[in-house]
Amino acid sequence: MTIENDMKQLTKHSQYYLRDGNVAFVAEKQLFRVHRYFFERESQFFCNYFTTSEESDGTDDKPFVLDIKSEDFTKFLWVWYNPRYRYGGQPKETWLTIITLAARWGFESMRELAISQLERFPMSPVDKIAIYKEHKIDKRLLIPSFVDLCKSPTLPSPADAQRLQLETVLRLAAARERALLRAAESGCLSPTSSVLEDGELATIISDVFEMGGTTDRPGINRTNGAGSDSGSGCPKIKTPNPAEKQQASKDKGKGRSK
């Protein structure tokens, strides 16, 4: 971020050029004047930048230059200057922009807020996995999406596989195979990866994708451990009990002797 020698004819931003602001920024020839406090409160990046910049001092004559779109900076500032004190109604793209800038500048609390808002949006499993990976969001939040993919009767399409990338597709296939084996071991007559409880699948996914253990997440119904067949809907092979079999033979013999 450097001041360009030919910077001229800056336009004051219609919303975020504040009369009582005490630090100026410029993005795409748009001049912003806001409050320095917000930037110093959380971001070590800006604390350092404000004190080490030799070309800018945060005044209108020497504003700090941001190499981002003015529209994106407007979305970022909205989090602090939201006049309605609520965050609903913003599109998904706004929160993704905020996540990107918050991560870039070290605003961890703002990033957490944006992620919590992003969680409210319905997304297909593939879309969510691709977006969260791109933005390096906690992969444990993807457990319900991976559960859905494990329960799908088919693997992702070539187009979806390209978005997920090879490593993710291979791990997903390994998770499905492990779920299939567990279903077979439990005595399921027609074992598939979809017959396990969501909690069992979550445990498998956490292990295969090296998530460091699962935590309860919306959309995941935990069970009391592997082998639970409550709600499974898969016909099971009943293993004969030797004692029961011997007793049945004795009863059958008694019937013949009468």
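Heads up: the structure comes first, above all this text.
Notes on the structure in this doc start here. The residue numbers shown here count from 1 along each chain, following its written sequence. In view of the model being predicted, local features appear only for residues whose pLDDT reaches at least 70, and side-chain atom pairs are presented and counted only at 80 or more, with totals across whole chains, interfaces and linings using the full set of residues. Computation of side-chain values: all heavy atoms of the structure, hydrogens and water removed.

When two helices pack together, their arrangement is given by the angle between their axes and by how far apart the axes lie. To obtain each axis, a line is fitted to C-alpha atoms, and for helices this fit is confined to the stretch in contact; angles are then taken between N-to-C directions over 0 to 180 degrees. Helix numbering and strand numbering both begin at the N terminus, where a helix is a DSSP run of H or I of at least 4 residues and a strand a DSSP run of E of at least 2. Where helix 4 (residues 92–105) meets helix 5 (residues 108–118), the axes come as close as 9 Å, and the angle between the chain directions of the two elements is 155 degrees. By the criterion of interaxial angle, the relationship of helix 4 to helix 5 is roughly antiparallel. In the packing of helix 4 onto helix 5, the handedness of the crossing is left-handed. Between helix 4 and helix 5, the residues in contact are Lys92, Trp95, Leu96, Ile98, Ile99, Ala102 and Ala103 and Met110, Arg111, Leu113, Ala114, Ile115, Gln117 and Leu118, respectively. The cut-offs work like this: below 35 degrees is roughly parallel, past 145 is roughly antiparallel, 65 to 115 is roughly perpendicular, and the gaps in between are oblique. Should the near helix be turned anticlockwise from the far one by less than a right angle, the crossing is left-handed, and should it be turned clockwise, the crossing is right-handed. In what follows, a contact means two residues having at least one pair of non-hydrogen atoms within 4.5 Å.

Turning our eyes to something else, we now look at the packing of helix 3 (residues 70–81) against helix 4. At a minimum axis distance of 9 Å, the contact between helix 3 and helix 4 shows a crossing angle of 85 degrees. Classified by the angle their axes make, helix 3 and helix 4 are roughly perpendicular. Between helix 3, through Asp72, Phe73, Lys75, Phe76, Trp78 and Val79, and helix 4, the contact on the second element is made entirely by Thr94, Trp95, Thr97, Ile98, Leu101, Ala102 and Trp105. In the contact of helix 3 with helix 4, the residues fall into nine nonpolar, two polar and two charged. For this scheme, ten residues count as nonpolar: Ala, Val, Leu, Ile, Met, Phe, Trp, Tyr, Cys and Pro. Four count as charged, namely Asp, Glu, Lys and Arg, and the remainder, Gly too, count as polar.

Moving on: the pattern of salt bridges. A side-chain nitrogen of Lys or Arg and a carboxyl oxygen of Asp or Glu constitute a salt bridge if their distance falls within 4 Å. Scanning all chains against the criterion turns up eleven salt bridges. Between Arg140 and Asp138 there is a salt bridge; the shortest N-O distance is 3.1 Å. Burial classes: relative accessible area under 20% of the type maximum marks a residue as buried, over 50% as exposed, and values in between as partly exposed (1.4 Å probe, protein chains only). On the basis of relative accessibility, which here comes to 29%, the residue Arg140 falls in the partly exposed class. Overall, Asp138 belongs to the partly exposed group, its relative accessible area being 30%.

Strands pair, by our definition, only if DSSP identifies at least two bridges between them. Strand order in the open sheet made by the four strands is 1-3-2-4, with mixed pairing throughout. Single-partner strands in this sheet number two, and they are strand 1 (11–17) and strand 4 (64–65). As paired strands, strand 2 (residues 23–27) and strand 3 (residues 30–34) are joined by five bridges and run antiparallel to one another. Counted as the bridge partner of Ala27 is Gln30 from strand 3. Sheet contacts for helix 3: strand 1, strand 2 and strand 3; angle to strand 3, the most-contacted strand, approximately 15 degrees.

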